Amino acid sequence: MTFRPIKSQTKAIPATEGAGVHLHRVFGFGDPSDSDPFLLLDDFRNDDPRLYSKGFPWHPHRGIETITYVLEGTVEHGDSLGNRGLLGPGSVQWMTAGSGILHQEMPKGNKAGQMHGFQLWANLPSRLKMTAPRYQDIQGSDIPEIIDDDGTRVKIITGSFWGKSGPVDGIAAEPMYLDVSVPPNTRKSLPLDTYANTFAYVFAGEGSFRDASAPEGVRVEKEFMGEELNIHDRTGNRTLVRFDSGDEVTVQAGPEGIRFLLVSGRPLQEPVAWHGPIVMNTRAELIQAMEDLNNGTFIRAQK
């Protein structure tokens, strides 16, 4: 097995989207080749309903797939095709926007007011940009979970891992999307597709992603009292880790354990023309999409 070294490590940054939802942007609206075939990841986590209750009112999507994974609270969704649904704790919605859809997503906290979930955008290849919209709503109870001998827990949303496959299928990028929990002070190696772009997003606990027996962390530069210091930084909450090539990732959990999303997909290596929630291959296609929005032809009749 070939260990995957870390390519980069960054912190999610605060952002506001929709009608005033306060969230943290893990990545997005930068160089799309950095995470191809994935475009954006948001972590919407909040304990104050005033900071998320207005939600994401009606907005368009074309040319992408959106993946919503809810941990706490609920998300009610509806679209211009008449679809309605409610995502509860542990559930996933994989929406293929394809040729175009208008939808809204309205989050609601649990009894304590807590709301927590993630939304990932995956690009569609040019041959599927104008495909018919499609939904896959998956309840938490339908997502397989594997518990290894050392207590490591892996929920498989899509892709195959340790002999089991996730319930989401027919996805263009053939991605793997896992929710991984590693117990305290445990070292774990996880197999991956050698040719896939891979990232981990840590959202609980801490540890280090390196081929070492102790959670020493990654050497990074940080400023302290006006000086640049080289220190070992342990990967913690709201940290994105991008990996270089190889066929396994090794993580050493810290004293509180670590929980993270592990996502991989083979890059499309196609040109990207991107404006907000519409992602096409050329500027002409993007202009056409905006014209369709303005003249009322954005939603295509399905055959």
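Predicted model only: the values in this text are computed from it and were never measured.

Enquirer: Just to check I follow, could you spell out the packing of aromatic side chains for this structure?
Expert: Two descriptors summarise a pair of aromatic rings, namely the distance from one centre to the other and the angle between the planes of the rings. This structure, assessed with the given rule, holds 11 aromatic pairs. Taken together, the ring pairs in this structure connect Tyr69, Phe118, Tyr177, Tyr201 and Phe203 into an aromatic cluster. Positioned over the ring face of Phe27 is Arg242, at 5.1 Å from the centre of the ring.

Enquirer: Just checking my understanding: could you explain unusual backbone geometry for this structure?
Expert: Most peptide bonds adopt trans geometry, and most residues besides glycine take a negative phi value. Backbone torsion omega between Asp36 and Pro37 reads 15°, so that peptide bond is classified as cis. Inspection of the secondary structure puts Pro37 in the loop between β3 (21-28) and β4 (38-46). In the Ramachandran plot, Asn185 falls in the positive-phi region, its phi being about 55° despite a non-glycine side chain. In this structure, Asn185 sits in the loop between β17 (176-182) and β18 (187-191).

Enquirer: Sorry if this is basic, but what is going on with the pattern of salt bridges here?
Expert: Pairing is possible between side chains of opposite charge, provided their charged atoms come close. Applying the stated criterion to the full structure yields 11 salt bridges. A salt bridge links Arg25 to Glu17, with the nearest nitrogen and oxygen atoms 3.1 Å apart. Overall, the relative accessible area of 12% leaves Arg25 in the buried class. Residue Arg25 pairs with Asp42 through a salt bridge whose shortest N-O separation is 2.8 Å. In this pair, Arg25 is assigned in strand β3 and Asp42 in strand β4, connecting sequence segments 17 residues apart.

Enquirer: Could you clarify how one ought to interpret the nonpolar core in this entry?
Expert: Ranked by internal contacts, the top residues of the largest apolar core, which has 25 residues, are Phe118, Leu120, Tyr177 and Tyr201. Of all the secondary-structure elements, those providing two or more residues to this core are β3, β4, β6 (64-72), β9 (92-96), β11 (115-123), β19 (197-208) and β23 (248-265). Setting aside chain neighbours within four positions, we find Tyr201 in contact with Ala12, Val26, Leu41, Asp43, Arg45, Phe118, Arg238, Thr239, Leu240, Arg259, Phe260 and Leu261. If you look at the next biggest cluster of nonpolar residues, it comprises 21 residues, including Met176, Val182, Ala200 and Phe260.

Enquirer: Explain the sheet that holds β9 to me, please; I cannot follow it from the model alone.
Expert: To summarise the sheet geometry, strands pair through backbone hydrogen bonds and adopt either a parallel or an antiparallel arrangement. Taken in spatial order, the 7 strands make up an open sheet running β2-β3-β4-β11-β6-β9-β12, and their pairing is antiparallel. One side of each edge strand has no neighbouring strand; the edge strands of this open sheet are β2 (13-17) and β12 (134-138). Direction aside, neighbouring strands of the sheet carry axes that sit 20° apart on average.

Enquirer: I tried to follow the pairing of strand β22 (residues 239-243) on my own but got confused; where do I start?
Expert: Moving residue by residue along a regular strand, the side chains alternate between the two faces of the sheet. For β22, the buried fraction is high: 5 of the 5 residues fall into the buried class. The two faces of β22 match: Thr239, Val241 and Phe243 on one face and Leu240 and Arg242 on the other face are all buried. Here strand β1 (residues 6-11) runs beside β22; their pairing, made up of 5 bridges, is antiparallel. Its bridge partner lying in β22, Lys11 is registered against Thr239. As paired strands, β19 and β22 are joined by 4 bridges and run antiparallel to one another. Following the sheet pairing, Tyr201 is matched in β22 by Leu240.

Enquirer: Would you mind going over helix α1 (residues 283-295) with me for this structure?
Expert: An α-helix turns once every 3.6 residues. As a result, residues three or four positions apart point the same way. Compared with an ideal rise of 1.5 Å per residue, which puts 13 residues at 18 Å, α1 spans 18 Å between its outermost C-alpha atoms and is within 8% of the ideal. All of the buried residues in α1 are Leu286, Ala289 and Asp292. The buried residues of α1 occupy an angular sector of 115° when the element is viewed end-on, so they sit on one face. Of the exposed residues in α1, the ones pointing more than 90 degrees away from its buried face are Arg283, Ala284 and Asn294. If you follow the buried residues of α1, they end up packed against β24 (273-275) and β25 (278-280). The first or second residue beyond α1 is Gly296, which carries a positive phi of 85°.

Parameters and conventions
- All residue numbers refer to positions counted from 1 along the written sequence of the respective chain.
- Residue-level local features of this predicted model are given only where pLDDT is at least 70; pairs of side-chain atoms are given and counted only at 80 or more, and the full residue set underlies all totals for whole chains, interfaces and linings.
- Side-chain calculation: all heavy atoms of the structure are included, whereas hydrogens and water are not.
- Two aromatic rings from Phe, Tyr or Trp, using only the six-membered ring of Trp, form a pair when their centres are within 6.5 Å; if the ring planes differ by under 30 degrees the pair is stacked, by over 60 it is edge-to-face, and anything between is tilted.
- Charges are assigned to positions over rings by a cutoff of 6 Å between ring centre and Lys NZ or Arg CZ, combined with an angular limit of 35 degrees from the ring normal.
- Only DSSP runs of H or I covering at least 4 residues are called helices, and only runs of E covering at least 2 are called strands; the numbering of each starts at the N terminus.
- Every case where a carboxyl oxygen of Asp or Glu lies within 4 Å of a side-chain nitrogen of Lys or Arg is listed as a salt bridge.
- The classification of residues rests on relative accessible area computed with a 1.4 Å probe and restricted to protein chains. Under 20% of the type maximum is buried, over 50% is exposed, and intermediate values are partly exposed.
- Nonpolar cores were defined as sets of buried Ala, Val, Leu, Ile, Met, Phe, Trp, Tyr and Cys residues, with membership established by side-chain atoms within 4.5 Å.
- Here, two residues are considered to be in contact whenever any of their heavy atoms come within 4.5 Å of each other.
- In this description, strands pair whenever DSSP reports at least two bridges between them.
- Only the contacting stretch of a helix is used when fitting its axis, a line to C-alpha atoms as for every element, and angles between N-to-C directions run 0 to 180 degrees.
- Helices are assigned an expected span. That span is 1.5 Å times one less than the residue count.
- This arc is taken over the directions from the axis of the helix to the C-beta atoms.

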